[in-house]
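The primary structure of each chain is shown beneath.
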Amino acid sequence: MTYILVNQRDLEYLTTIDELGSFVGAALQCNVTQPALSNQVRRIEERLGLVLFERLQNGVKITQAGQKVLDSARDVLCQMRDMADVVRACQDPLTIPVKLGFFPTLAPYAVPLLCTALRESCDGINMVFSEAFSEQLIEQILNKDIDAAMLALPVNVEGIDTVPLFVEDLYLVTPKDHPLANSASVSEDDLPLSELILLDKGHCLRDQALSLCQDSAVGADIPADLRATSMETVVQYVAHGFGCTLMPALAVQRYTNHETDCRFIKIDSDRFNRTIAFAHRTGCPRSSLIPPIVDAVKQTFPKDVISFIAT
């Protein structure tokens, strides 16, 4: 068996040089002198019998062999970080904050409830929240930038496990003077598809709305330049008569508690809903903290608004 004598610090040097494309910048970030860093890299190259970087006048360029070595180095560093997390989690699971992500049409409505849940039921768990599109959250989980995320199912990604939490219905939102505004409910066939304002690309709620409606006429009567990057913007468009939209139940609860020129109408359909789950990386050492957070959610989130899934 052949052993390669490199340590964690060596691997950090190499990956930092590759990321910055400069020995000078890498030396500053690694808190060493540039000559010392250059000499160490030469020693590493001699041990490996490979040239990892091409030295150029305006920086460095990784070689083909160097790219393969650096890919492996990053995997090793991730595994070392995992091992450190495992050790700390075994010593005390609460020593490291749990990093949890949300997508934009859930974050404003779920985060306040989750903060309340943690204060009341999970004293001692320190949480760090972040917001991003679902595809970005999945990437962050796989890259170990966050521990878990609340995502809409399905999440069919290798290396990610899910714990279903609850189902929330989608409502039709109309202006107050819309023909359907005074309806207690609306059937799936009577939805004003051509009037629906959708969120911009990247929002999973947009993709779900298009999938549920299965109609090329969705938004046909809406100006092409009427763009919305947030649920709040869509609500303002609807309130001022530009169209209608679909809204999840937790958001509906938030808006119905405030005076608005919108009307929120239940859709008589078993299809118009979304299932929310905790998603985390398979084998994540922090996954042991997910069950108490799930329990806290089920104790605090409004049971008259969403339907919890038995686990």
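Our structure is the block above this text.
Residues numbered from 1 in each chain as written. Predicted model: local features only at pLDDT ≥ 70, side-chain atom pairs only at ≥ 80, totals over all residues. Heavy atoms only, no water.

Student: Just to check I follow, could you spell out the packing of aromatic side chains for this structure?
Tutor: Two descriptors summarise a pair of aromatic rings, namely the distance from one centre to the other and the angle between the planes of the rings. One pass over the structure, following the stated rule, counts six aromatic pairs. Here the aromatic rings of phenylalanine 23 and phenylalanine 53 are separated by 6.2 Å at their centres, their planes lie at 75°, and the arrangement is edge-to-face. Of this pair, phenylalanine 23 sits in helix α2 (residues 23-30) while phenylalanine 53 sits in strand β1 (residues 53-56); the two residues are 30 residues apart in sequence, bridging distant segments of the chain. For the pair formed by phenylalanine 23 and phenylalanine 53, the shared burial category is buried. An angle of 85° between the planes, with centres 6.3 Å apart, marks the rings of phenylalanine 166 and phenylalanine 308 as edge-to-face. (Phe/Tyr/Trp six-rings, centres within 6.5 Å; stacked < 30°, edge-to-face > 60°. Helix = DSSP H or I, 4+ residues; strand = E, 2+ residues; numbered from the N terminus. Buried < 20%, exposed > 50% of the residue type's maximum accessible area, 1.4 Å probe, protein only.)

Student: Is there a simple way to explain the pairing of strand β2 (residues 59-62) in this structure?
Tutor: Note on strand geometry: in a regular strand, side chains alternate between the two faces of the sheet. With four bridges connecting them, β1 and β2 associate as antiparallel partners. From the neighbouring strand, glutamate 54 faces β2, where its bridge partner is lysine 61. Counting the residues between successive antiparallel strands, the hairpin from β1 to β2 contains two residues. (Pairing = 2+ DSSP bridges.)

Student: Even after reading the chapter, I still don't get the nonpolar core, so can you show me in this structure?
Tutor: When a protein is soluble and globular, its nonpolar side chains tend to lie buried together. If you look at the biggest cluster of nonpolar residues, it comprises 78 residues, and the most contacted ones within it are Phe102, Leu114, Leu172, Met247 and Phe278. No other element matches helix α5 (residues 107-121), which puts seven residues into this core. Once residues lying within four places of it in the same chain are set aside, the contact partners of phenylalanine 278 are Leu100, Ala149, Met150, Asp161, Thr162, Val163, Leu165, Ile290, Ile293, Val294 and Val297. Tyr13, Cys30, Ile44 and Val60 belong to the second-largest nonpolar core, a separate cluster that totals 15 residues. (Core = buried A, V, L, I, M, F, W, Y, C linked by side-chain atoms within 4.5 Å. Contact = heavy atoms within 4.5 Å.)

Student: I'm lost on the environment of proline 223 in this one. Help?
Tutor: On the secondary structure map, proline 223 appears in the loop between α7 (204-213) and α8 (231-239). With a relative accessible area of 42%, proline 223 lands in the partly exposed category. A sequence separation of 26 residues divides proline 223 from isoleucine 197, and the C-alpha atoms of the two residues are 9.4 Å apart.

Student: I'm lost on the pattern of salt bridges in this one. Help?
Tutor: Opposite charge on two side chains lets them pair, provided their charged atoms get close. Evaluation of the coordinates by the stated rule reveals nine salt bridges. The salt bridge partner of glutamate 45 is arginine 55, with a shortest N-O separation of 3.0 Å. Here arginine 55 lies in strand β1 and glutamate 45 lies in helix α3 (residues 34-48), a separation of ten residues in the sequence. Taking relative accessible area as the criterion, glutamate 45 reaches 10% and is therefore assigned buried. Arginine 55 gets classed as partly exposed once you look at its relative accessible area, which sits at 37%. (Salt bridge = Lys/Arg side-chain N within 4 Å of Asp/Glu carboxyl O.)

Student: Can you walk me through the packing of helix α1 (residues 8-20) against α2 in this structure?
Tutor: Relative placement of two packed helices is described by the angle separating their axes and the distance separating the axes. Axis separation between α1 and α2 bottoms out at 8 Å; the angle between their running directions is 130°. Taken together, the axis directions place α1 and α2 in an arrangement best described as oblique. Crossing angle aside, the handedness with which α1 passes α2 is right-handed. Two secondary-structure elements touch here, α1 through Arg9, Glu12, Tyr13, Thr16, Ile17 and Leu20 and α2 through Phe23, Gly25, Ala26, Gln29 and Cys30. In the contact of α1 with α2, the residues fall into six nonpolar, three polar and two charged. (Axes fitted to C-alpha atoms, helices over the stretch in contact; angles between N-to-C directions. Parallel < 35°, antiparallel > 145°, perpendicular 65-115°, else oblique. Left-handed = near helix turned anticlockwise from the far one by under 90°. Nonpolar A, V, L, I, M, F, W, Y, C, P; charged D, E, K, R; others polar.)

Student: Looking at this structure, I do not really get the environment of glycine 159. What am I missing?
Tutor: With respect to the secondary-structure elements, glycine 159 resides in the loop between β5 (148-152) and β6 (160-175). The partly exposed category is assigned to glycine 159, whose relative accessible area is 29%. When the C-alpha positions of glycine 159 and alanine 184 are compared, they lie 43 Å apart, and in sequence the two are 25 residues distant. Contacts of glycine 159, omitting those with residues within four sequence positions, involve Leu142, His280, Arg281 and Thr282.

Student: Could you clarify how one ought to interpret α8 in this entry?
Tutor: Three- or four-residue spacings in an α-helix give side chains the same orientation, since the helix completes a turn every 3.6 residues. Listed in full, the buried residues belonging to α8 are Met231, Val234, Val235, Val238 and Ala239. Angularly, the buried residues of α8 cover 135° about the axis, an arc narrow enough to put them on a single face. Once α8 ends, the next one or two residues include glycine 241, with phi positive near 85°. (Arc of directions from axis to C-beta.)

Student: Please clarify how the pairing of β5 should be interpreted in this entry.
Tutor: Within β5, five of the five residues are buried, which leaves it mostly tucked inside the rest of the structure. Residues of β5 alternate between two faces, with Ala148, Met150 and Ala152 on one and Ala149 and Leu151 on the opposite face, all of them buried. As paired strands, strand β3 (residues 98-102) and β5 are joined by three bridges and run parallel to one another. Its bridge partner being in β5, phenylalanine 102 is matched across the sheet by methionine 150. Where β5 meets strand β10 (residues 273-281), five bridges bridge the pair, whose relative direction is antiparallel.

Student: When you look at the environment of phenylalanine 53 in this model, what are you seeing that I'm missing?
Tutor: Phenylalanine 53 gets classed as buried once you look at its relative accessible area, which sits at 1%. Note: C-alpha distance between phenylalanine 53 and alanine 73 (20 residues apart in sequence) is 15 Å. In this structure phenylalanine 53 touches Leu14, Ile17, Asp18, Val41, Glu45, Val60, Lys61, Ile62, Thr63 and Leu70, once residues within four positions along its chain are discounted.

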